[in-house]
Amino acid sequence: MENNQEIKKEETKVEINKQPQIIIKSISKFYGDEKKHEAIITALKDATFSINQGEIVVILGPSGAGKSTLLNILGGMDRASSGNYILNGRDITNMNEKELSIFRRNDVGFVFQFYNLIPSLTAYENVYIASSLVDKHFDVDEILKLVGLSDRKNNFPSQLSGGEQQRVAIARALIKNPTLILCDEPTGALDSKTGSQIMDLLYRVAKEQKKTIIIVTHNKALSVIADRIIRVGDGSILSNEVIENPKKASEIEW
């Protein structure tokens, strides 16, 4: 498409905007219907926090803590039962289904644990197909260069290593020039060396492209590079800690 956006890299660390980009206020999520005599399950209860633009945020907690529910609400894949989710001044919680679909398409890039690439398409084509969904996307070749896959762009997923496939997945998320990049256990299927490389790539994307990256994980080791750590347990926000001096990905102790 014609409206490709030029990628601008910065040599110095981006100063994070101190005005909250995301405001989560008293968000709760319940499953079940008392009228149908179904048990009510509380997946998330009265979650409240804010996130600034350009931050790397790690949402940390064990299985069943409410991390995935929170990620799904942030990505517009699920609705909160109550509360408000504000992104750049827009109340996402009040959007109808069509508006949510547009929100997911234009504002959110997803990175999954198991890549979810289309096996019959090359790395280039997997990224290009995502760019075709929006108008103000980045250039495919530039994005593949950013993630270090210029020389592998014509390879199919089966011809790529796990780390390379995850790089394609990150490129696919970034190509749309989204507001948020949401990552669900992005290193869960990778060895420690490759995982460190992926975390370093996510760090560079956040700082060079001013993207807000939210990582859901149970792996405490990943939290060392975070600007903010949100701990979740039993469906509640246990803490919301701002980290003044995050470490580098190479310092992660796997």
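Quick caveat, the model's predicted, so the values are computed rather than measured. (Residues numbered from 1 in each chain as written. Predicted model: local features only at pLDDT ≥ 70, side-chain atom pairs only at ≥ 80, totals over all residues. Heavy atoms only, no water.)

Undergrad: Tell me about the overall build of the protein chain, and please be specific about residues and values.
TA: Along its length, the protein chain carries 6 helices and 10 strands. In terms of overall dimensions, the protein chain is globule-like: its C-alpha atoms have a radius of gyration of 18 Å, near the 18 Å expected for 254 residues. In the protein chain, buried positions account for 47% of the 254 residues. Entry remark: accessible area of the protein chain is about 12600 Å², with carbon and sulfur atoms responsible for 46%. Here the protein chain holds 32 positive side-chain charges and 33 negative ones, and the gap between their average locations is 1 Å. (Helix = DSSP H or I, 4+ residues; strand = E, 2+ residues; numbered from the N terminus. Rg over C-alpha atoms; globule rule 2.2 N^0.38 Å. Buried < 20%, exposed > 50% of the residue type's maximum accessible area, 1.4 Å probe, protein only. Areas by Shrake-Rupley, 256 points an atom, 1.4 Å probe, with all protein chains shown as cover. Lys, Arg positive; Asp, Glu negative; His and termini not counted. Charge placed at Lys NZ, Arg CZ, Asp CG, Glu CD.)

Undergrad: Tell me about the sheet that holds strand β1 (residues 20-31), and name the residues and values.
TA: Reading across from one edge, β2-β1-β4-β5 is the order of the 4 strands in this open sheet, with antiparallel pairing throughout. The sheet is open, and its two edges are formed by β2 (41-52) and β5 (90-91), each paired on a single side. With 5 bridges connecting them, β1 and strand β4 (residues 82-87) associate as antiparallel partners. Among the inter-strand pairings, Ile22 is bridged to a residue of β4, identified as Leu87. Contacts between helix α1 (residues 67-74) and the sheet are confined to β1, β2 and β4, with β1 contributing the most and set at about 120 degrees to the helix. (Pairing = 2+ DSSP bridges. Contact = heavy atoms within 4.5 Å. Axes fitted to C-alpha atoms, helices over the stretch in contact; angles between N-to-C directions.)

Undergrad: Any chance you could break down the sheet that holds strand β8 (residues 212-217) for me, citing the residues and the numbers?
TA: One key point about sheets: their strands pair by backbone hydrogen bonds, in either a parallel or an antiparallel sense. Across the sheet, which stays open at both edges, the 6 strands sit in the order β6-β7-β8-β3-β9-β10 with mixed pairing between neighbours. Edge strands, defined here as strands with exactly one partner in the open sheet, are β6 (108-111) and β10 (236-242). Strand-to-strand, the axes of this sheet are offset by a mean angle of 15 degrees, without reference to chain direction. Judged from the 5 bridges that link them, strand β3 (residues 56-60) and β8 form a sheet pairing that is parallel. Bridging from a neighbouring strand, Ile59 pairs with Val216 of β8. Strand contacts of helix α2 (residues 97-107): β6 and β7 (180-184), with the helix running at about 70 degrees to β6, the strand carrying the most contacts. Of the strands in this sheet, β6 and β7 touch helix α5 (residues 162-174), which is tilted by about 170 degrees from β6.

Undergrad: How would you summarise unusual backbone geometry if you had to cite specific residues and measurements?
TA: Backbone phi values are negative for most residues with the exception of glycine, while trans is the configuration of most peptide bonds. Phi angles above zero are rare outside glycine, and Asn88 is one such case at about 50 degrees. Topologically, Asn88 is positioned in the loop between β4 and β5. When its relative accessible area of 47% is taken as the criterion, Asn88 is described as partly exposed. Unusually for a residue other than glycine, Asp234 sits at a positive phi of about 55 degrees. Position of Asp234 among the secondary structure elements: in the loop between β9 (228-233) and β10. We classify Asp234 as exposed; its relative accessible area is 75%.

Undergrad: Go over α1, please, and point to the residues and values.
TA: For an α-helix, the turn length of 3.6 residues means that residues three or four places apart are oriented alike. A large share of α1 lies buried, amounting to 6 of its 8 residues. Of all the positions in α1, only Lys67, Thr69, Leu70, Leu71, Ile73 and Leu74 are classed as buried.

Undergrad: Break down the environment of Leu149 for me, citing the residues and quoting the values.
TA: Mapped onto the fold, Leu149 is located in the loop between α4 (140-146) and α5. Spatially, the C-alpha atoms of Leu149 and Tyr124 are 9.2 Å apart, while their sequence positions differ by 25 residues. Beyond its immediate stretch of four places on either side in the chain, Leu149 contacts Leu144, Glu164, Arg167 and Val168.

Undergrad: Provide a residue-level description of the pattern of salt bridges, including the pertinent values.
TA: Applying the stated criterion across every chain, the model contains 9 salt bridges. Between Asp78 and Lys29 there is a salt bridge whose closest N-O contact spans 3.2 Å. Remark: Lys29 occurs in strand β1 and Asp78 occurs in the loop between α1 and β4; sequence separation between them is 49 residues. Owing to a relative accessible area of 10%, Lys29 belongs among the buried residues under this scheme. We note a salt bridge from Asp200 to Arg204, for which the minimum N-O separation is 3.6 Å. Residue Asp200 and its partner Arg204 are both found in helix α6 (residues 192-209); the two are separated by 4 residues, about one turn of the helix. (Salt bridge = Lys/Arg side-chain N within 4 Å of Asp/Glu carboxyl O.)

Any functional reading would require information beyond the geometric quantities listed.
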